[in-house]
Amino acid sequence: AQSVTQPDIHITVSEGASLELRCNYSYGATPYLFWYVQSPGQGLQLLLKYFSGDTLVQGIKGFEAEFKRSQSSFNLRKPSVHWSDAAEYFCAVGARGSYIPTFGRGTSLIVHP
Amino acid sequence: EAQVTQNPRYLITVTGKKLTVTCSQNMNHEYMSWYRQDPGLGLRQIYYSMNVEVTDKGDVPEGYKVSRKEKRNFPLILESPSPNQTSLYFCASSLLGDLALHFGNGTRLTVT
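From a predicted model like this one, the values you see are computed outputs, not experimental measurements.

Asker: Would you take a moment to explain the overall build of chain A for this structure?
Answerer: The helix and strand tally for chain A stands at zero helices and twelve strands. When the helices and strands of chain A are read in sequence order from the N terminus, they spell out β-β-β-β-β-β-β-β-β-β-β-β. In summary, chain A has a C-alpha radius of gyration of 13 Å against a globular reference of 13 Å for 113 residues, a match within 12%. Counting only residues that meet the buried cut, chain A has 46% of its 113 residues in that class. Excluding contacts between residues fewer than 6 apart, the proportion of contacts in chain A whose partners are at least 24 apart in sequence is 55%. Charge centroids of chain A, computed over 9 positive and 8 negative side chains, lie 8 Å from each other.

The structure is reproduced here in structure tokens:
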């Protein structure tokens, strides 16, 4: 069975600073990988996904993530954070042929002005 | 507009009083799923459905029922709610095999 670890419960950055949110997964083969964002009072919104091919994936809102098989990681990055990026971020992994994606416990991003 | 609609957004009820949370999607998605979100535990899947009349248990199905009589609707039923089912519930849908989920805005349930 697959599993996901988001090591950071909270991350605080200043507006305009760069951001990297960590995600490590455990799965025997190449998984499907996702990042979602949850703004307060809202449902989750898909930021980006990796299925195959280019390991650097571009998403919405200026986010990108890089799949590193050797490190079993799929870290989310943004070069310059905006105050509106403050939210909860979830990494998820799905096994090919499965219908039960596994979510990490989330990282709460706090943005200081 | 493509969306997943859940109702109600907020629900307060008492132990043992049956309730239904509705979920509807307008994207013709085959796959639909229910999650609960609890502090420190992230999202846990309750039930999922791959198509009409096809449902299966997720990680935490105890105390819940679902049905999928139409492709667009996937209601979550709590026959006898208990306080440990107080949580934030999300419905989600996707194309089959895609797993790129579209989420509703959530239903915050309180059982007293």
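Asker: Could you clarify how one ought to interpret the interface of chain B and chain A in this entry?
Answerer: A common way to report how large an interface is uses the accessible area buried once the components associate. In this assembly, 24 residues from chain B lie in contact with 21 residues from chain A. Both sides together, the interface formed by chain B and chain A hides about 1,800 Å², and carbon and sulfur atoms give 60% of it. At the junction of chain B and chain A, the tally comes to four residue pairs in polar contact (both at pLDDT 80 or more). Every element with two or more residues in the side of chain B that touches chain A is listed here: strand 4 (31–38), strand 5 (42–51) and strand 9 (87–94) of chain B.

Asker: I would appreciate a short explanation of the sheet that holds strand 3 (residues 19–25) of chain B in the present structure.
Answerer: In a beta sheet, neighbouring strands are held together by backbone hydrogen bonds and run either parallel or antiparallel to one another. All names here are of chain B. With antiparallel pairing, the four strands of this open sheet are ordered in space as 1-3-8-7. Each edge of the open sheet is held by one strand with a lone partner, namely strand 1 (4–7) and strand 7 (65–66). Strand direction decides the pairing type here: strand 7 and strand 8 (residues 76–78), joined by two bridges, are antiparallel. Paired with Val-66 across the strands is Leu-76, a residue of strand 8.

Asker: How should I be thinking about the nonpolar core in this particular structure?
Answerer: Within soluble globular proteins, side chains that are nonpolar tend to cluster in buried spots. Grouped together as the largest cluster of nonpolar side chains are 26 residues, with contacts concentrated most on A:Trp35, A:Leu48, A:Leu76 and A:Tyr89. Secondary structure elements with two or more residues in this core: strand 2 (10–14), strand 3 (19–21), strand 5 (32–38), strand 6 (44–50), strand 8 (64–68), strand 9 (73–78), strand 10 (87–94) and strand 12 (107–112) of chain A. Judged by nonpolar contacts, the second largest core, of 19 residues, contains B:Val4, B:Met27, B:Trp34 and B:Tyr47.

Asker: Sorry if this is basic, but what is going on with the pairing of strand 9 of chain B here?
Answerer: A regular strand places its side chains on the two faces of the sheet in alternate fashion. Residue and element names in this part refer to chain B. Across the eight residues of strand 9, eight count as buried, placing the element largely inside the fold. Side chains Ser-87, Tyr-89, Cys-91 and Ser-93 of strand 9 all project onto a buried face; the interleaved residues Leu-88, Phe-90, Ala-92 and Ser-94 project onto the opposite face, where all are buried too. Direction of pairing for strand 4 relative to strand 9: antiparallel, over a ladder of seven bridges. Paired with Met-32 across the bridge in strand 9 is Ser-93. Of the pairings in the sheet, the one linking strand 9 to strand 11 (residues 107–111) comprises three bridges and is antiparallel in character. Along strand 11, the bridge assignment pairs Ser-87 with Leu-109. Pairing between strand 9 and strand 10 (residues 102–103): two bridges, direction antiparallel. In the strand pairing of strand 10, Ser-93 is matched with His-102.

Cut-offs and rules
- Residues numbered from 1 in each chain as written.
- Chains lettered and ligands numbered in written order.
- Predicted model: local features only at pLDDT ≥ 70, side-chain atom pairs only at ≥ 80, totals over all residues.
- Heavy atoms only, no water.
- Helix = DSSP H or I, 4+ residues; strand = E, 2+ residues; numbered from the N terminus.
- Rg over C-alpha atoms; globule rule 2.2 N^0.38 Å.
- Buried < 20%, exposed > 50% of the residue type's maximum accessible area, 1.4 Å probe, protein only.
- Contact = heavy atoms within 4.5 Å.
- Lys, Arg positive; Asp, Glu negative; His and termini not counted.
- Charge placed at Lys NZ, Arg CZ, Asp CG, Glu CD.
- Buried area = accessible area lost by both parts, 1.4 Å probe.
- Polar contact = N/O pair within 3.5 Å; in protein donor to acceptor, adjacent residues only side chain to side chain.
- Pairing = 2+ DSSP bridges.
- Core = buried A, V, L, I, M, F, W, Y, C linked by side-chain atoms within 4.5 Å.

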